[in-house]
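Below are the chains, spelled out letter by letter.
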Amino acid sequence: MSTVREKSEDTYFFGHPKGLMTLFFTEMWERMSYYGMRGLLVLYMTIGVAGNPGMDWSNIQANAIYGIYAGMVYFLAVPGGWIADNILGYQRSVLIGAIIITLGHFTLAIPLEQTFILGLVFVALGTGLLKPNISSIVGQLYSQNDSRRDSGFTIFYMSINIGSMLGFAVCGWLGEKVGWHLGFGAAGIGMLLGVTQFILFRHQLGDAGKYPNKINEQTRRNYISGVGLVIFIVTFIVVSGMAGLWSIDPVYFAERFRDFLVIISVIYFIYLLFFAGLNTDEKRNVLMLLLLFIGAAAFWSGFDQSAGSLTIFTRDYVSLTFGSFIAPVSWTQFLNPLFVVMFAPFFAYLWVFLGKRNLDPNMPVKFAIGLILMAIGFIVMIFAVKFALVSSPVGVQWLLLTYLLHTFGELTLSPVGLSAFSKYSPKKYLGQMMGIWFLASSLGGVLAGLLGGEATQSGLQSMTPVFTNLVYYCLAIAGILIGLSFFIKGVSEEKEDQK
Ligand code: GLN
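Let's talk about unusual backbone geometry
With an omega of 5 degrees, the peptide bond running from Ser392 to Pro393 counts as cis. Along the chain, the position of Pro393 falls in the loop between α13 (363-390) and α14 (397-424). If you check the backbone angles, Asp56 has positive phi at about 65 degrees while not being a glycine. For Asp56, the position within the fold is in the loop between β2 (52-53) and α2 (59-75). We classify Asp56 as exposed; its relative accessible area is 57%. Positive phi values are uncommon outside glycine, yet Asn358 reaches one of about 60 degrees. You can see Asn358 is positioned in the loop between α12 (335-356) and α13. By relative accessible area, Asn358 is classed as exposed at 73%.

Description of the nonpolar core
Leu23, Met45, Tyr69, Phe313, Met433 and Phe467 are the most contacted members of the largest nonpolar core, which totals 150 residues. Considering every element that reaches this core, the biggest residue donor is helix α1 (residues 18-45), with 16 residues. Contacts of Leu23, omitting those with residues within four sequence positions, involve Ile134, Ile137, Val138, Leu141, Phe156, Phe198 and Leu205. The next biggest cluster of nonpolar side chains, apart from the first, holds five residues, and it includes Ile87, Leu88, Leu129 and Val227.

Remarks on the site of the ligand
Every residue lining the ligand is accounted for by Arg31, Tyr35, Tyr74, Lys131, Tyr157, Ile160, Trp300, Glu410 and Ser441. The contact in question runs from an oxygen atom of the ligand to an N or O atom on the side chain of Ser441, over 2.9 Å. Protein chains shield 92% of the accessible area of the ligand, which is 300 Å² for the free molecule. Breaking the shell around the ligand down by element, the ones donating at least two residues are α1 and α6 (149-178).

Calculation notes
Residues numbered from 1 in each chain as written. Predicted model: local features only at pLDDT ≥ 70, side-chain atom pairs only at ≥ 80, totals over all residues. Heavy atoms only, no water. Helix = DSSP H or I, 4+ residues; strand = E, 2+ residues; numbered from the N terminus. Buried < 20%, exposed > 50% of the residue type's maximum accessible area, 1.4 Å probe, protein only. Core = buried A, V, L, I, M, F, W, Y, C linked by side-chain atoms within 4.5 Å. Contact = heavy atoms within 4.5 Å. Near = heavy atom within 4 Å. Polar contact = N/O pair within 3.5 Å; in protein donor to acceptor, adjacent residues only side chain to side chain. Areas by Shrake-Rupley, 256 points an atom, 1.4 Å probe, with all protein chains shown as cover.

Shown next, in the form of structure tokens:
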């Protein structure tokens, strides 16, 4: 483990250590570039927007690529965390990750179809190195019993959403109204500002996340050779693909990637429950985290429709004309981060308020509420589709309501999940379990791409059945979570209940 700071007296940044400011702005720029580009992705791959044609790939293929990309970004967080632990240390991982992401966005800015996938590969690899590790450094700014830890993470969650607002606003406008590649380039400039900022203010982090775990030097050298070999193989696969030596159907690839994620998750949970030598309390906690994992994957599979099927619905069937102004399609994505910034303090207060009255729902129930909100959001969309079938375009209020419900769901589930995984994971497996939390986002992302493709393959007709299925399985999993929450809850939580 890297050095954990003593409880620091440093209250420079809103009562928090200086280092949080560095991480705040790095994450803000990283999310600006990630979401700014993601808002354009499916539009660019399909027919584009009025007056600005895209690559004209089919909806189903474009959604599959979006799903693979979103899934890869979070899947690569698992090896990204491992590399930081064992080879680079967190600070260097963040820096190198940020540089790779910048390269990725600038590659996407090249107006060539051939380099498009390469750009996505860079962004996904870089994000895998940056995203989990920057969150780990946040944790390391505080000692175990520093009461500012949770609010530190809340401030950090704000940076994510302020960054995405910036991204949608700037890259969305440039990409749709001026030129796709300018939008991608703007994402690159944003990330470059993030890199510069990190280099200039990195010293404020002190020793937090500076060094990798202490392991035998020979073992480390072996790890480095192993990583080198993987980089070589990946480079070979990507370059030979670019040279046209092989190709693969994105839908087929997305389906196999989904299967792979399911299999490794099942194997990992079986290992933890039966072979990891955990005591009964720890096993009960792992069982609860398994429930949360399933809930989170289902949740993100609906949530991530935002940049897939919901973006296509917005482009094709929603009126974005306000007087003489026509808003870019991706600007509707602005609503989610805006609502997060507006309502996050309210939700944080709500849990404390309910907690004081002993009414705070337990973790699986909170997840169930998140899934129910997700389902209601899609019920709203089913009505929007019905109205669009009668007369299109429909008003933007449908999206407003759906994104509001989805954001309430996110605020019920996402921060709670992060803290559940950090609190209830068996201590020995903490790092890996955080990786499992990201794996739920990964599985959600790839499922979102597959479902989004199905939903948009034949206009409005194909949306209703997919949205209906989403409603059913979100409600079904919510029901199971509520039912099991009476038997399976976090063990320390149960002990608190008995007080
Ligand atoms: N919006 C959050 C972020 O960008 C969470 C996304 C997720 O886990 N799928 O970090």
